[in-house]
Amino acid sequence: MGTPLETTKNCQLILALDIEDKTQAIDLVKRTGDGLEWVKIGLQMFTRYGPDYVREIADLGKRVFLDLKLHDIPNTVAKAVQSVSDLPINMLTLHTCGGREMMEWAIKAQQDYKPDLQLLGVTVLTSTDDAGLQELGINEKASERVLSLATLAQTAGMNGLVCSTHEVVALKEKFGSQFDLITPGIRPAGTDAGDQKRIMTPAKAAEAGSTYIVVGRPIYQADDPAAVVSNIVADLNL
Ligand code: C5P
């Protein structure tokens, strides 16, 4: 089973750093101050700037969540986990719909090569709705699909999931605290929702049972990112 991280708080903040330019991204991280522990690096920046960029963010004293959403045959995913094992990362995502065997192989590689890495399973992307699942030949509703993929992830030995804030309660009811739950779609009260539709405030997400919240634009588009970070962290610790 993947290793759960030692946490001091009930719910922690992760900054989704979805910025095009590396220099701006690094400057932004510096401006967030010490209140921010976690930075999420996604496909946009990793495919452009690669492993060196990951090292640069980690060198700023941040823990890195590498959001690569791996989904391939078990051997390829296991090799990808092995390949990132020399990077200073603390979390890595894969798609639970890659199947039990793929998750098991990934966990084996994580245990063999990077025991302090937490693997997180993505359930149903929030961009996929019931109609989108039907188009794929899947007859479950998205809310049911999340629970069945979580069951598969549990069988494989996963201990962290990425999900919508609105699925946290059902996951908690079914699985208790077996999974760390990482939720995007967060907006501090009074901030612009942008393209996010089903949003929650940081405090509500923490109350529902999120272990980590992922916040992007409300922080990196702010005039004073450090102030937004400290307000969110204060909200989470209420
Ligand atoms: O800017 P914003 O706070 O909306 O950023 C949310 C982050 O969470 C983005 O990196 C987005 O890709 C990610 N995400 C999401 N919904 C999901 C999974 C990931 O918004 N279901």
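In the block above lies the structure referred to throughout.
Attention in this report is confined to the structure presented alongside it. (Residues numbered from 1 in each chain as written. Predicted model: local features only at pLDDT ≥ 70, side-chain atom pairs only at ≥ 80, totals over all residues. Heavy atoms only, no water.)

1. Things to note about the packing of helix α1 (residues 22-32) against helix α2 (residues 43-59)
Defined as follows: Each axis is a line fitted through C-alpha atoms, and for a helix only the stretch in contact is used; angles between axes span 0 to 180 degrees, taken between their N-to-C directions. What counts as a helix is a DSSP run of H or I of at least four residues, what counts as a strand is a run of E of at least two, and both are numbered from the N terminus. In this scheme the handedness of a crossing depends on how the near helix is turned from the far one: anticlockwise by less than a right angle means left-handed, clockwise means right-handed. Here, two residues are considered to be in contact whenever any of their heavy atoms come within 4.5 Å of each other. Each residue is assigned to one of three groups, with Ala, Val, Leu, Ile, Met, Phe, Trp, Tyr, Cys and Pro labelled nonpolar, Asp, Glu, Lys and Arg labelled charged, and all others, Gly among them, labelled polar.
Their axes nearest at 11 Å, the elements α1 and α2 cross at an angle of 40°. Judged by the sense of rotation from one axis to the other, the crossing of α1 with α2 is right-handed. Residues K22, A25, I26 and V29 of α1 form the contact with α2, whose own contacting residues are M45, Y49, Y53, E56 and I57. Residues belonging to the contact of α1 with α2 are distributed by class as follows: 7 nonpolar, no polar and 2 charged.

2. A word on the pattern of salt bridges
Just so we agree on the cut-off: What counts as a salt bridge is simple: a side-chain nitrogen of Lys or Arg found within 4 Å of a carboxyl oxygen of Asp or Glu. A 1.4 Å probe rolled over the protein chains alone gives each residue an accessible area, and that area as a share of the maximum for its type sets the label: buried under 20%, exposed over 50%, partly exposed in between.
This structure, assessed with the given rule, holds 8 salt bridges. Among the salt bridges present, the one from E104 reaches R100, with a minimum N-O distance of 3.1 Å. Taken together, the positions of E104 and R100, both in helix α4 (residues 100-113) and 4 residues apart, correspond to about one turn of that helix. A residue is classified by how much of its surface remains accessible, and E104, at 29% relative accessible area, is partly exposed. Residue R100 is classed as partly exposed on the basis of its relative accessible area, which comes to 38%. Among the ionic pairs, D112 bridges to K108, the shortest N-O distance being 2.6 Å. Residue D112 and its partner K108 are located together in helix α4, separated by 4 residues, close to a single helical turn. The class for D112 is partly exposed, based on a relative accessible area of 46%. Each member of the salt-bridge network shares a partner with another, and the members are K40, D67 and K69.

3. Some details on the nonpolar core
The line we're drawing: Working definition of a nonpolar core: buried Ala, Val, Leu, Ile, Met, Phe, Trp, Tyr and Cys residues. They are joined through side-chain atoms within 4.5 Å.
Within the largest apolar cluster, 67 residues are counted, with the highest numbers of intra-cluster contacts made by L13, L17, I41, L66 and L92. Leaving out residues up to four positions away in the same chain, L92 has contacts with L66, L68, L70, V81, V84, L117, Q118, L119 and L120. Membership of the second largest hydrophobic core comes to 11 residues, among which are I14, F65, V122 and Y212.

4. Brief notes about the packing of aromatic side chains
Put simply, the rule is: Here a Phe, Tyr or Trp ring, Trp counted by its six-membered ring, pairs with any other such ring whose centre lies within 6.5 Å, and the pair is stacked when the planes are under 30 degrees apart, edge-to-face when over 60, and tilted otherwise.
In the structure shown here, the tally under the stated rule is 3 aromatic pairs. When the centroid spacing of 5.8 Å and the interplanar angle of 45° are considered together, the rings of Y49 and Y53 count as tilted. Note that Y49 and Y53 are positioned in helix α2 at a spacing of 4 residues, about one turn of the helix. On the basis of relative accessible area, Y53 is assigned to the buried category, the value being 0%. Ring centres of F175 and F179 lie 5.2 Å apart, and the angle between their planes is 75°; on these two criteria the pair is classed as edge-to-face. Take F179: its relative accessible area is 4%, and that puts it in the buried class.

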